[in-house]
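# Geometric and topological summary
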Amino acid sequence: MIVNVGQIGDARLKLGADIQPHDGKLDVIVASSATVIGALRTLFRILTGRFEGHSDLQYLSVEHIVIKAKPALPTEVDGETLGITALEARAVPAGALLLVPRTYHAGGSSSGEPDQSS
């Protein structure tokens, strides 16, 4: 999974410990379990915030990535079918204009709450 925001909406589900939307990087989450039990363990680790110390769950921070697979695999973006691998993604710092509440601070807080001090 390639992400730029490490928390899923109001669910407060964090996908990783150090995923920052303003760092100019893409974060790659590699879950590589080969069994259903292993996949459930990996999911449990994410749900409980234990992101480190397990070979089936790895994190990378990159500016550019190309993902290839043999045989080719389907790809999607935000739930919409994109095509098949190879997939190339690149971080584009300041590449989108967003409307946010006045109380939003780009640094945010570690709790995921907007910084109210500015």
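Up top you'll find the structure we're talking about.
Since the structure is predicted, the reported quantities are computational estimates derived from the model, not experimental observations.

## Notes on the layout of surface pockets
Estimates place the volume of the second largest pocket at around 740 Å³. Considering the residues around the second largest pocket, the lining is formed by 28 residues, among which Met1, Ile2, Val3, Glu76 and Val77 are closest to the centre. Those elements that place two or more of their residues in the lining of the second largest pocket are β1 (2–3), β2 (7–8), β4 (26–31), β7 (74–77) and β9 (87–90). With five residues, β4 is the largest single contributor of residues to the lining of the second largest pocket. A per-class count over the lining of the second largest pocket returns 19 nonpolar, five polar and four charged.

## Notes on unusual backbone geometry
Look at the link from Lys70 to Pro71: it is a cis peptide, with omega at -5 degrees. Among the structural elements, Pro71 can be located in the loop between β6 (64–67) and β7. Of note, the bond from Thr85 into Ala86 is cis; its omega dihedral lies within 30 degrees of zero at 20 degrees. Among the structural elements, Ala86 can be located in the loop between β8 (80–84) and β9. The phi angle at Asp78 is positive, at roughly 50 degrees, despite the residue not being glycine.

Rules behind the numbers
- Here the residue numbers are simple positions, counted from 1 along each chain's written sequence.
- At least 70 in pLDDT is required for a residue's local features to be given in this predicted model, at least 80 for side-chain atom pairs to be given and counted, and no such filter applies to totals for whole chains, interfaces and linings, which use all residues.
- The side-chain quantities take in all heavy atoms of the structure and omit both hydrogens and water.
- The way it works is a 1 Å grid over only the protein atoms, where trapped points that fit a 1.4 Å probe form a cavity and open points with protein on both sides within 12 Å along at least five of seven lines form a pocket, and then any residue with an atom within 4 Å of a point lines it.
- Grid points are joined across faces, edges and corners, and a volume is the space filled by probe spheres set on the points.
- Only DSSP runs of H or I covering at least 4 residues are called helices, and only runs of E covering at least 2 are called strands; the numbering of each starts at the N terminus.
- Each residue receives one of three labels: charged for Asp, Glu, Lys and Arg, nonpolar for Ala, Val, Leu, Ile, Met, Phe, Trp, Tyr, Cys and Pro, and polar for the others, Gly being one of them.

Distances and angles like these do not, on their own, reveal function.
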